[in-house]
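Structure at a glance
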Amino acid sequence: MLATTARVLGGIPGWLLPSTGLAMAAIAIFGYSAVDVSWIRDAREMGGSPLYGKDFPQILGRNIGAALVLYSGVATLGLTTLLGAGILALYVGATVSLGVHSVGSAGLVADVIWYVPFEFLGLVMAATAGFQPVAGLARRLVMKKESVTLRSFIDDMARSLGTLLIAIVLIVLGAVIEAIVIQLRT
């Protein structure tokens, strides 16, 4: 299993995963700073928090759905992955801002530290998988060491499916932990 994971990760261009993660983190920071949090005091006084779903299927469906949108770039030469990653990163940043202003930094970190690393890395991996075929195509066109063939594109698609599988495993693990944390909180 470890050898298969290493082979899949070795099929990702060295620059793709870190640059996807950094770009999504930068957009998330923008989303964090751009959200209006003035209404949180009113919501807190009403006794609810809109930040947490309560059940595993809802959490898993939301995160797998996001991963599949990110992966859809394999069919659009990365365009839907680019748009989806930007929108998701804005959402993540805004959600973090709402959480910080709702329960405070320490409270938010205490809750999410257990599952967010798995979920966010899984989503970054799904975006990377969405970019993989077009990145392979671009590499072949720029480097001109290999010719662009249908077979090379199919190989890149297969590698992207392996990357997506790792992403889904991370997302499922994160969703299980998130559901447990939420159940322990309530």
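Being a predicted model, the structure only gives us computed values, none of them experimental.

This part covers the pattern of salt bridges. Two side chains that carry opposite charge are able to pair once their charged atoms sit near each other. Scanning the model with the defined rule gives six salt bridges in all. One salt bridge connects E146 with R139, and the closest N-O pair in it is separated by 3.0 Å. Residue classification places R139 among the partly exposed residues on the basis of a relative accessible area of 36%. Residue E146 is classed as partly exposed on the basis of its relative accessible area, which comes to 38%. It is possible to trace a salt-bridge network through shared partners that takes in R139, R140, E146, D156 and R159.

Mapped onto the fold, L16 is located in helix 2 (residues 16–34). With 113 residues separating them along the chain, L16 and A129 place their C-alpha atoms 9.3 Å apart. If we ignore the near neighbours within four places in the chain, the residues touching L16 are T128, F131, Q132 and A135.

Glancing now at the nonpolar core. One finds M24, L70, L88, L123, M125 and A126 to be the most contacted residues of the largest nonpolar core, which totals 32 residues. Of all the elements in the fold, those that place two or more residues in this core are helix 2, helix 4 (56–71), helix 5 (79–103), helix 7 (116–143) and helix 8 (150–185). Ignoring any residue separated from it by four or fewer positions in sequence, one finds L88 in contact with M24, A66, L70 and L123. Ranked by size, the runner-up nonpolar core spans five residues in total, among them V100, L108, Y115 and V181.

Here we take up the side chain of E178. Along the chain, the position of E178 falls in helix 8. With relative accessibility at 4%, the residue E178 sits in the buried group. Those residues in contact with E178 that lie beyond four places of it in its chain are I59, R62, N63, Y115 and E119.

Thresholds applied
Residues numbered from 1 in each chain as written. Predicted model: local features only at pLDDT ≥ 70, side-chain atom pairs only at ≥ 80, totals over all residues. Heavy atoms only, no water. Salt bridge = Lys/Arg side-chain N within 4 Å of Asp/Glu carboxyl O. Buried < 20%, exposed > 50% of the residue type's maximum accessible area, 1.4 Å probe, protein only. Helix = DSSP H or I, 4+ residues; strand = E, 2+ residues; numbered from the N terminus. Contact = heavy atoms within 4.5 Å. Core = buried A, V, L, I, M, F, W, Y, C linked by side-chain atoms within 4.5 Å.

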